[in-house]
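Chain residues, written in single-letter form:
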Amino acid sequence: LAINSAFVAEKGRVVFAANDTNKIIYATAHTLPSTDKQVEELAAFDGKYSVSMDLVEGFSQWVLANGAGVAACVRIAGETLEPMCPTMGISCVPASFHAMIDEIFKIRAADIALDPLLADAIMRAFIDDLGGKARTAASAIALFKHMCRKAKQYGFTFNAPKCKFGAAMLIYCGCGIVGSE
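Residues numbered from 1 in each chain as written. Predicted model: local features only at pLDDT ≥ 70, side-chain atom pairs only at ≥ 80, totals over all residues. Heavy atoms only, no water.

Looking at the environment of Leu170
In step 1: Relative to the helices and strands, Leu170 resides in strand S10 (residues 169-172).
In step 2: On a C-alpha basis, the gap between Leu170 and Gly131 in space is 7.3 Å, while along the polypeptide they are 39 residues apart.
In step 3: Each residue touching Leu170, except ones within four places of it in the same chain, is listed here: Leu42, Ser50, Val51, Ser52, Gly131, Gly132, Lys133, Cys175, Gly176 and Ile177. (Helix = DSSP H or I, 4+ residues; strand = E, 2+ residues; numbered from the N terminus. Contact = heavy atoms within 4.5 Å.)

Some words on the environment of Phe158
In step 1: Relative to the assigned elements, Phe158 resides in the loop between helix H5 (137-154) and strand S9 (164-167).
In step 2: In this structure the C-alpha to C-alpha distance between Phe158 and Met147, which are 11 residues apart in sequence, comes to 9.9 Å.
In step 3: Residues contacting Phe158, with those up to four places away along its chain left out, are Met53, Asp54, Leu55, Val56, Leu130, Met147, Cys148, Ala151 and Cys163.

Notes on the pairing of strand S11 (residues 175-178)
In step 1: Pairing geometry for S10 and S11, over four bridges, is antiparallel. Opposite Tyr172, over in S11, you have Cys175 as the bridge partner.
In step 2: Hairpin connection from S10 to S11: two residues lie between these consecutive antiparallel strands, with Cys173 at a positive phi of about 55°. (Pairing = 2+ DSSP bridges.)

Remarks on helix H2 (residues 35-44)
In step 1: Of the positions making up H2, those classed as buried are Gln38, Val39 and Leu42. The arc enclosing the buried residues of H2, seen along the axis, measures out at 100°, which places them on a common side. H2 presents Asp36, Lys37, Glu40 and Ala44 as exposed residues on the side facing more than 90 degrees away from its buried surface. (Buried < 20%, exposed > 50% of the residue type's maximum accessible area, 1.4 Å probe, protein only. Arc of directions from axis to C-beta.)

Points about the sheet that holds S9
In step 1: Read across the sheet, four strands follow the order S7-S8-S3-S9 without closing on themselves; strand pairing throughout is antiparallel. Single-partner strands in this sheet number two, and they are strand S7 (121-126) and S9. Put simply, the sheet's adjacent strands are angled 10° from each other on average, direction ignored.
In step 2: In terms of strand pairing, strand S3 (residues 49-54) meets S9 through three bridges, oriented antiparallel. For Val51, the partnering residue across the bridge sits in S9 and is Phe165.
In step 3: Relative to the sheet, H2 contacts S7 and strand S8 (129-134), its axis offset from that of S7 by approximately 165°.
In step 4: Where H5 meets the sheet, its contacts fall on S3, S7, S8 and S9, and the angle it forms with S3 comes to roughly 15°. (Axes fitted to C-alpha atoms, helices over the stretch in contact; angles between N-to-C directions.)

What to know about H5
In step 1: The terminal C-alpha atoms of H5, which comprises 18 residues, lie 26 Å apart, in line with the 26 Å expected from a rise of 1.5 Å per residue.
In step 2: Buried residues of H5: Ser139, Ala140, Ala142, Leu143, His146, Met147, Lys150, Ala151 and Tyr154, and no others.
In step 3: Following H5 by one or two positions, Gly155 has its phi on the positive side, about 80°. (Expected span 1.5 Å × (residues − 1).)

Regarding the pattern of salt bridges
In step 1: If you walk through the whole model with that rule in mind, you get eight salt bridges.
In step 2: Here Glu103 and Lys106 are joined by a salt bridge, their closest N and O atoms 3.6 Å apart.
In step 3: We classify Glu103 as partly exposed; its relative accessible area is 31%.
In step 4: Via salt bridges that share partners, Lys37, Glu41 and Arg124 belong to a single interconnected network. (Salt bridge = Lys/Arg side-chain N within 4 Å of Asp/Glu carboxyl O.)

And the structure:
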């Protein structure tokens, strides 16, 4: 990938200008979500129980070229995932990894059809951290099972010492979120 960039003088100092590169990056990169918004959504949910999980894999996944190298893909448990992956290294790898994790773990209508208790739960992902709240103990168990099912399906493992289940306070992205009483 040839990138048009240069050193230029700006405000009395020499800086690296990559304006043309940024046009490509902004058009193709995934961006990280606002953690403030996620924390606000979790805090606003009237859940009494929390589940937090931490993936061992983190965002340091090796990016593998697939096929002719048109797209770079993330390989997990022998499966190459293409839909939400970095493109030729020009997008932000942590943000692309986040987008893939969010896509894998989010609660969908099909998940609720499989386990209706998930309708009483909310879950958010930020890179390798998963956090959720549930209204009842049964929906917290359903949320925990959902996270474990998805992790098993895609070959992820959890960092057990950092995982918490049923706690009154959810620690997510460095913020303590207290469940509703």
